[in-house]
Amino acid sequence: MTSLTRLLGSVLFACALPLAAAHGAGFPDHPIRFIVPWNAGGSNDIAARELQQLLSADGITLIVENQPGATGAIGLAKVAASPADGYILGMGTSSTLAQIAQNLTPLRNEQFIHIARVSTDPLILLVPANGPAKTLDEFLALMKKNPGKTSIGTPGTNNLNHIFAEMTARSAGVAYVNVPYTGGSRVITDLAGKQIDAAVLKPSESKAQIDAKFVRPIGVFANERLALYPDVPTFKEKGYDVFPYGPLVQMAYVVAPAGLPAPERKRLIDAFHKAIQSQKFKDFAAQNGFLVDDLTGDALDKEVRDVQTTLNSVATKVFKH
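What you see is a predicted model; the values in this text were computed from it and never measured.

Trainee: Mind showing me how you'd approach the overall build of the chain here?
Mentor: Across its full length, the chain holds 11 helices and 10 strands. With the principal axes as the frame, the chain shows a C-alpha extent of 90 × 40 × 30 Å. Looking at the chain as a whole, 52% of its 321 residues qualify as buried. Residue pairs at least 24 apart in sequence account for 79% of intrachain contacts in the chain once pairs closer than 6 positions are excluded. Total accessible area on the chain stands at roughly 14000 Å², and carbon and sulfur atoms take up 57% of it. Within the chain, the 28 negative side-chain charges are centred at a point lying 4 Å from the centre of the 30 positive side-chain charges.

Trainee: Which parts of the structure should I look at to understand the nonpolar core?
Mentor: Inside soluble globular proteins, nonpolar side chains tend to come together where they are buried. Ranked by internal contacts, the top residues of the largest apolar core, which has 49 residues, are Leu 125, Phe 139, Met 143 and Leu 311. The contacts of Leu 125, once residues within four sequence positions are left out, are Leu 136, Phe 139, Thr 168, Ala 198, Ala 199, Val 200, Arg 216, Pro 217, Ile 218, Gly 219, Phe 221 and Phe 235. In this structure, Ala 47, Ile 60, Val 118 and Phe 281 belong to the second largest nonpolar core, which totals 34 residues.

Trainee: Can you help me understand the pairing of strand S5 (residues 123-128) in this one?
Mentor: Looking down a regular strand, the side chains alternate between one sheet face and the other. Here S5 lies mainly inside the structure; 6 of its 6 residues are buried. Pairing of S5 with strand S8 (residues 198-201) involves 3 bridges; the strand directions are antiparallel. What sits directly across from Leu 125, in S8, is Val 200.

Trainee: Whenever I open this one, the layout of surface pockets confuses me. Can you help?
Mentor: Sizing a probe to match a water molecule and rolling it over the atoms shows the empty space that remains. Estimates place the volume of the largest pocket at around 470 Å³. Surrounding the largest pocket, 23 residues form its lining, Asp 121, Pro 122, Ala 222, Leu 226 and Leu 291 being those nearest its centre. Broken down by secondary-structure element, the contributors of at least two residues to the lining of the largest pocket are strand S4 (112-121) and helix H10 (279-288). Its residues placed into classes, the lining of the largest pocket shows 16 nonpolar, 4 polar and 3 charged. Looking at the second largest pocket, it is lined by 16 residues, and the ones nearest its centre are Lys 134, Arg 216, Pro 217, Ile 218 and Val 232. Mapped onto the lining of the second largest pocket, the elements with two or more residues apiece are helix H5 (136-145), helix H8 (207-211) and strand S9 (215-221). Per element, the largest residue contribution to the lining of the second largest pocket is 4 residues, and it comes from S9.

Trainee: Help me understand the sheet that holds strand S3 (residues 88-93) in this model?
Mentor: The strands making up a sheet are joined through hydrogen bonds of the backbone, oriented either antiparallel or parallel. Here 5 strands make up an open sheet; going across it, the order is S2-S1-S3-S10-S4 and the pairing mixed. Edge strands, defined here as strands with exactly one partner in the open sheet, are strand S2 (62-66) and S4. Taking the axes of each pair of neighbouring strands and ignoring which way they run, one obtains an average angle of 25° across the sheet. The pairing of strand S1 (residues 32-36) with S2 spans 5 bridges and is classified as parallel. Directly across from Arg 33, in S2, lies its bridge partner Ile 63. Against the sheet, helix H3 (residues 73-80) engages S1, S3, S4 and strand S10 (250-257), with an angle of about 140° to S3.

Trainee: Whenever I open this one, the packing of H5 against helix H6 (residues 160-172) confuses me. Can you help?
Mentor: Each pair of packed helices can be summarised by the angle the axes make with each other and by the distance between the axes. Orientation of H5 relative to H6, taken along the N-to-C sense of each, is 75°, at an axis distance of 8 Å. Taken together, the axes of H5 and H6 are roughly perpendicular relative to one another. Between H5 and H6, the contacting residues are Phe 139, Leu 140, Met 143 and Lys 144 on the first element and Thr 168, Ala 169, Ser 171 and Ala 172 on the second. Split by residue class, the contact of H5 with H6 holds 5 nonpolar, 2 polar and 1 charged.

Trainee: What's the story with the pairing of S3 in this structure? I'm lost.
Mentor: Summarising burial for S3: 6 of the 6 residues are buried, a large majority. Two elements, S1 and S3, share 3 bridges in a ladder whose sense is parallel. What sits directly across from Phe 34, in S3, is Leu 89. Relative to S10, S3 runs antiparallel, the two being bridged by 4 bridges. Bridging from a neighbouring strand, Gly 92 pairs with Tyr 253 of S10.

Trainee: Would you take a moment to explain the environment of Gly 183 for this structure?
Mentor: You can see Gly 183 is positioned in the loop between strand S7 (177-181) and helix H7 (184-192). A residue is classified by how much of its surface remains accessible, and Gly 183, at 2% relative accessible area, is buried. Separated by 95 residues in the primary sequence, Gly 183 and Ser 278 have C-alpha atoms spaced 27 Å apart. In contact with Gly 183, other than residues within four places in its own chain, are Trp 38, Asn 39 and Pro 155.

Trainee: Please clarify how helix H9 (residues 262-276) should be interpreted in this entry.
Mentor: An α-helix turns once every 3.6 residues. As a result, residues three or four positions apart point the same way. The end-to-end C-alpha separation of H9 is 21 Å, in line with the 21 Å expected for 15 residues at 1.5 Å each. Within the span of H9, buried status applies to Glu 264, Arg 265, Leu 268, Ile 269, Ala 271, Phe 272, Ala 275 and Ile 276.

Trainee: Is there a simple way to explain the side chain of Glu 50 in this structure?
Mentor: Mapping Glu 50 onto the fold places it in helix H2 (residues 43-56). The charged side chain of Glu 50 is buried without a salt bridge, its nearest counter-charge being Lys 280 at 4.4 Å. Excluding residues that lie within four positions of it along the chain, Glu 50 makes contacts with Lys 280, Phe 281 and Phe 284.

Definitions and cut-offs
- Residues numbered from 1 in each chain as written.
- Predicted model: local features only at pLDDT ≥ 70, side-chain atom pairs only at ≥ 80, totals over all residues.
- Heavy atoms only, no water.
- Helix = DSSP H or I, 4+ residues; strand = E, 2+ residues; numbered from the N terminus.
- Buried < 20%, exposed > 50% of the residue type's maximum accessible area, 1.4 Å probe, protein only.
- Contact = heavy atoms within 4.5 Å.
- Areas by Shrake-Rupley, 256 points an atom, 1.4 Å probe, with all protein chains shown as cover.
- Lys, Arg positive; Asp, Glu negative; His and termini not counted.
- Charge placed at Lys NZ, Arg CZ, Asp CG, Glu CD.
- Core = buried A, V, L, I, M, F, W, Y, C linked by side-chain atoms within 4.5 Å.
- Pairing = 2+ DSSP bridges.
- 1 Å grid on protein atoms, 1.4 Å probe; cavity = no way out; pocket = protein on both sides within 12 Å on 5 of 7 lines; lining within 4 Å.
- Points joined across faces, edges and corners; volume = space filled by probe spheres on them.
- Nonpolar A, V, L, I, M, F, W, Y, C, P; charged D, E, K, R; others polar.
- Axes fitted to C-alpha atoms, helices over the stretch in contact; angles between N-to-C directions.
- Parallel < 35°, antiparallel > 145°, perpendicular 65-115°, else oblique.
- Expected span 1.5 Å × (residues − 1).
- Salt bridge = Lys/Arg side-chain N within 4 Å of Asp/Glu carboxyl O.

Right, dumping it as structure tokens:
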């Protein structure tokens with residue numbers, strides 16, 4: 001029996017070796033679906049399509065799919081429910097973390113494994129270029145004259161954009177009308193057409209309309225001015241505290257379903273790291289007004305947990321349900 005046991009053990013071990021070696025070998029051998037839970041033309045979509053080109057040079061075919069709705073929760077729910085084989089990824093954002101903080105979605109961070117941070121984005125307040133307000137002070141003065149009537153558009157609701165729209169109204173000391181959309185591209189279109197009075201957006205989804213002089217940035221939700229728009233003041237320097245409950249960061253990052261095997265995760269981390277740290281992507285980031293850093297894997301896991309903790313605190317103080 002002992003000899004037979006040894007023989008069977010040797011056979012099983014020999015069979016396991018090629019399987020272990022094959023696990024992750026050749027990955028990926030067919031296209032990867034990358035679900036962006038926002039409309040086409042928005043900042044996350046633009047970044048995803050730039051990464052699509054860069055990853056192709058590394059032998060990875062990325063198919064970008066836009067599945068907007070519920071402030072990113074619909075698309076990410078499909079990622080969470082997908083097989084953990086590395087062939088379906090998604091773009092997580094702080095907006096969905098805000099939804100989680102308020103229990104507005106059944107999603108939880110434990111349903112995902114994190115690959116790489118794509119961007120961190122300052123947010124700005126914009127108005128129509130030929131509207132009545134040319135500066136932040138003028139806009140807040142108009143809000144005070146029309147309490148409860150000024151509309152501010154945001155991509156999604158109950159997220160960081162919504163938080164800063166609320167902080168804008170608090171700076172004026174009045175109520176306002178929040179107008180949520182399914183993506184930044186629709187917000188900027190309606191702002192340029194004067195369908196709304198203002199918007200809270202990223203520079204990357206506003207730059208084309210700013211350059212064309214359809215909209216005007218009047219305030220930055222950050223502690224320092226942006227290199228892209230050095231003439232636009234921060235709320236802080238104007239004396240308005242838009243971070244009363246602690247710092248907040250708007251970020252986008254690549255996720256896969258929880259349970260992704262280590263070899264596939266490493267391959268994806270290496271590939272996205274190479275693309276994000278490339279000079280081409282850094283130049284792209286600078287041109288579009290967002291920031292990139294070197295945050296992947298376990299370090300990104302911790303960052304997501306930390307941002308979630310802050311949002312859990314802030315959401316209860318800002319939003320009323």
